[in-house]
Amino acid sequence: MADKSELLQQLKIDRNHTPTNTGIKLWQILLLLVICCVLSIWITLSYFVPEQSVAQNNTAVVQAINTQSSSSGSLMSTTPDIQQSDTILNSSGYITARRMATVSSEVMGLITQVNVEEGMNVEEGQILATLDSNLAEVNLDYARAQLSVLDARRKAILVNLDEAKTNYQRILNNTYSSDAERTRGFANQQNLLANLESAEADLLVAKVEIRRQQERLDDHTIRAPFSGVVTQKNAQPGEIVAPSSAGGGFTRTGICTIVDMSSLEIEVDVNESFIGRVYPGQKVNATLDAYPDWPIPASVIATIPTADRAKATVQVRIKIELEDPRILPEMGVKVGFMKDN
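Within each chain, residues carry numbers counting from 1 in the order of the written sequence. Only residues with pLDDT of at least 70 are given local features in this predicted model, and only at 80 or more are side-chain atom pairs given and counted; all residues enter the totals for whole chains, interfaces and linings. Each side-chain value is derived from all of the structure's non-hydrogen atoms; neither hydrogens nor water enter the calculation.

So, about the overall build of the chain. Strands are runs of DSSP state E lasting at least two residues, helices are runs of H or I lasting at least four, and both sets are numbered from the N terminus onward. Scanning the chain from N- to C-terminus turns up 6 helices and 15 strands. Exposure categories follow from relative accessible area, calculated using a 1.4 Å probe and restricted to protein chains: below 20% of the type maximum is buried, above 50% is exposed, and the middle band is partly exposed. When burial is assessed residue by residue, the chain has 28% of its 341 residues classed as buried. Accessible surface computed for the chain: about 23400 Å², of which carbon and sulfur atoms make up 55%. Here the accessible surface of atoms and residues is derived via Shrake-Rupley with a 1.4 Å probe, and residues count as covered only by protein chains that are part of the display.

What follows deals with the nonpolar core. Here the nonpolar core consists of buried residues drawn from Ala, Val, Leu, Ile, Met, Phe, Trp, Tyr and Cys, with membership extended through side-chain atoms lying within 4.5 Å. I95, I266, I318, V335 and F337 are the most contacted members of the largest nonpolar core, which totals 24 residues. Looking at this core, the element that brings in the most residues is strand β11 (residues 264-271), giving 4 residues. Membership of the second largest hydrophobic core comes to 18 residues, among which are V103, V122, F226 and I255.

What follows covers the sheet that holds β11. Taken in spatial order, the 6 strands line up as β1-β11-β14-β13-β12-β15 and close into a barrel, and their pairing is antiparallel. Taking the axes of each pair of neighbouring strands and ignoring which way they run, one obtains an average angle of 40° across the sheet. Any two strands between which DSSP finds at least two bridges are classified as paired. Pairing analysis gives 7 bridges linking strand β1 (residues 87-97) to strand β15 (residues 332-338), with the strands arranged antiparallel. Counterpart to G93 in the pairing with β15 is V333. Note on geometry: axes are lines fitted to C-alpha atoms, helical ones only across the stretch in contact, with angles between N-to-C directions running from 0 to 180 degrees.

For the rest of this paragraph, the subject is the pattern of salt bridges. A side-chain nitrogen of Lys or Arg and a carboxyl oxygen of Asp or Glu constitute a salt bridge if their distance falls within 4 Å. By the definition in use, this model includes 12 salt bridges. Across the salt bridge formed by E117 and K233, the nearest N and O atoms sit 2.8 Å from each other. Residue E117 is found in the loop between β3 (109-114) and β4 (121-122), and its partner K233 is found in strand β7 (residues 228-233); the two are separated by 116 residues along the sequence. Between D202 and R153 there is a salt bridge, with its nearest N and O atoms 3.0 Å apart. Here D202, found in helix α6 (residues 179-218), pairs with R153, found in helix α5 (residues 134-173); they are 49 residues apart in sequence, far enough to count as distant. With a relative accessible area of 26%, D202 lands in the partly exposed category.

For the rest of this paragraph, the subject is the confidence of the model for the chain. On average, residues of the chain carry a pLDDT of 81, and 79% of them reach 70 or more. pLDDT measures the predictor's confidence residue by residue and takes values from 0 up to 100. What makes two residues a contact is simply this: any of their non-hydrogen atoms within 4.5 Å. Counted against residues more than four places away or in other chains, residues 49-62, with its pLDDT under 50, gives 1 contact. For residues 64-84, every residue scores under 50 in pLDDT, and the model assigns this stretch 5 contacts once sequence neighbours within four places are set aside.

Compared with an ideal rise of 1.5 Å per residue, which puts 40 residues at 58 Å, α6 spans 59 Å between its outermost C-alpha atoms and is within 8% of the ideal. Three or more residues of α6 are buried, namely G185, Q189, L192, L196, A199, L203, A206, I210, Q213 and L217. The elements touched by buried residues of α6 are α5 and β6 (221-223). The span expected for a helix works out to 1.5 Å for each residue beyond the first.

A separate point is the side chain of R317. Note on placement: R317 falls in strand β14 (residues 313-320). With residues near it in sequence (within four places) discarded, R317 still touches R98, E265, I266, V300, I301, A302 and I304.

Spatial ordering of the open sheet is given by β2-β10-β7-β4, a layout of 4 strands whose pairing is antiparallel. The sheet is open, and its two edges are formed by β2 (100-103) and β4, each paired on a single side.

Here 2 bridges tie β4 to β7, and the two strands are oriented antiparallel to one another. Considered in β7, the bridge of N121 is made with V229. Of the strand pairs in this sheet, β7 and strand β10 (residues 256-259) are connected by 4 bridges, and their pairing is antiparallel. Considered in β10, the bridge of Q232 is made with T257.

To continue, consider the state of the cysteines. By convention in this document, the label disulfide applies to cysteine sulfur atom pairs within 2.5 Å. Here the structure, examined in full by the defined rule, presents 0 disulfides. No disulfide involves C37; its nearest neighbouring cysteine sulfur is the one of C36, lying 6.9 Å away. According to the relative accessible area criterion, C37 is partly exposed, its value standing at 46%.

What follows deals with the packing of α5 against α6. Where α5 contacts α6, the axes come no closer than 8 Å and their chain directions differ by 165°. Judged by the inter-axis angle, α5 sits roughly antiparallel to α6. In the crossing of α5 with α6, the sense of the turn from one axis to the other is left-handed. Any angle that falls under 35 degrees is termed roughly parallel, while one over 145 is termed roughly antiparallel, one within 65 to 115 roughly perpendicular, and all others oblique. Working rule for handedness: look at the near helix, and if it is turned counterclockwise from the far one by less than a right angle, call the crossing left-handed; if clockwise, right-handed.

Points on a 1 Å grid over protein atoms alone make up a cavity when a 1.4 Å probe fits among them but cannot get out, and a pocket when they form an open set with protein on both sides within 12 Å along at least five of seven lines; lining residues each have an atom within 4 Å of a point. Grid points are joined across faces, edges and corners, and a volume is the space filled by probe spheres set on the points. Approximately 250 Å³ is the volume found for the second largest pocket. Along its surface, the second largest pocket is lined by 14 residues, and M261, S262, L264, L322 and E323 are the ones closest to its centre. In this classification, Asp, Glu, Lys and Arg are treated as charged, Ala, Val, Leu, Ile, Met, Phe, Trp, Tyr, Cys and Pro as nonpolar, and every other residue, Gly included, as polar. Within the lining of the second largest pocket, the residues separate by chemical class into 8 nonpolar, 2 polar and 4 charged.

Right, let's get into the packing of aromatic side chains. Stacked, tilted and edge-to-face pairs are distinguished by plane angle, under 30 degrees for stacked and over 60 for edge-to-face with tilted covering the rest, among Phe, Tyr and Trp rings (Trp via its six-membered ring) whose centres lie within 6.5 Å. On inspection of all chains with the given rule, the structure shows 1 aromatic pair. Relative to W294, the ring of Y291 lies with its centre 6.0 Å away and its plane at 85°, an arrangement referred to as edge-to-face. Judged by relative accessible area, Y291 falls into the partly exposed class, the value being 32%. A positively charged side chain is recorded as over a ring if its NZ (Lys) or CZ (Arg) lies within 6 Å of the ring centre. The angle to the ring normal must also be within 35 degrees. The positively charged end of R326 is found above the aromatic ring belonging to W294, 3.7 Å away from the centroid.

Below, the structure written as structure tokens:
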């Protein structure tokens, strides 16, 4: 009985004891929801508002700089503001040359001499390189020898023709010559006349052949097609040069590259949405990437009448209104198209 009484006491519920709550309370759930809402709002603002806020910050910074520069009275600070107000469109491009050529030869041959180096100024017609011309010289001498032979043949025909004319006149003037002799004398004279015409035609062909061989010999001397500066040297003495690469991988296709520095201009790509702001003769302020503090006066030459479908741009040619050795082909340049004053 005592054991049963103790067991019943253990099963008895103590209503004065406060139970321990181990679950999540309501206020914790509410706090978690508030935190999630704040995070979602912050993420949303970070994706959609930064551009506007950055622009406002940049505007505020620019205004502060302008205010400071105007108060100090510095001319260097106020000049960019004036240029920025006169510029209606900005773009970037490269310096290009309208006259640029990779000089090669018209015949295949062995290079014996190269007379140019990079950076050298050359004049039109100046000898840039020479090729081995021994075979061409032999062919020219052979053509001249043929001309001498044909000229001697023509002289022999002239002598025979003079004799034939004399005999024919004697046959016609005497009374004892037969008709057969007169006919034979006339035929001999006409035959010699025909031979003379053939010899003169052969002489003309020989003279043309001499000119052809002379041109072939001249092709072994490579000259500058125009005045300019050598920007690249592609061949050395002892190499083979040819008009094309048909001779193999060790055959050069060019001697050097010449650029006419007076033909330099700027080529830029303008978005087709803003091409209406560009017109021929428009003033342009250009700045080389290598010399950002050096403004170069320029003007629009023309707008290329076609667009690039892939880039949605239109190419614009710009004239550089000064010549300076600092301006080099393929340099990067930034341009600002100016509005009318």
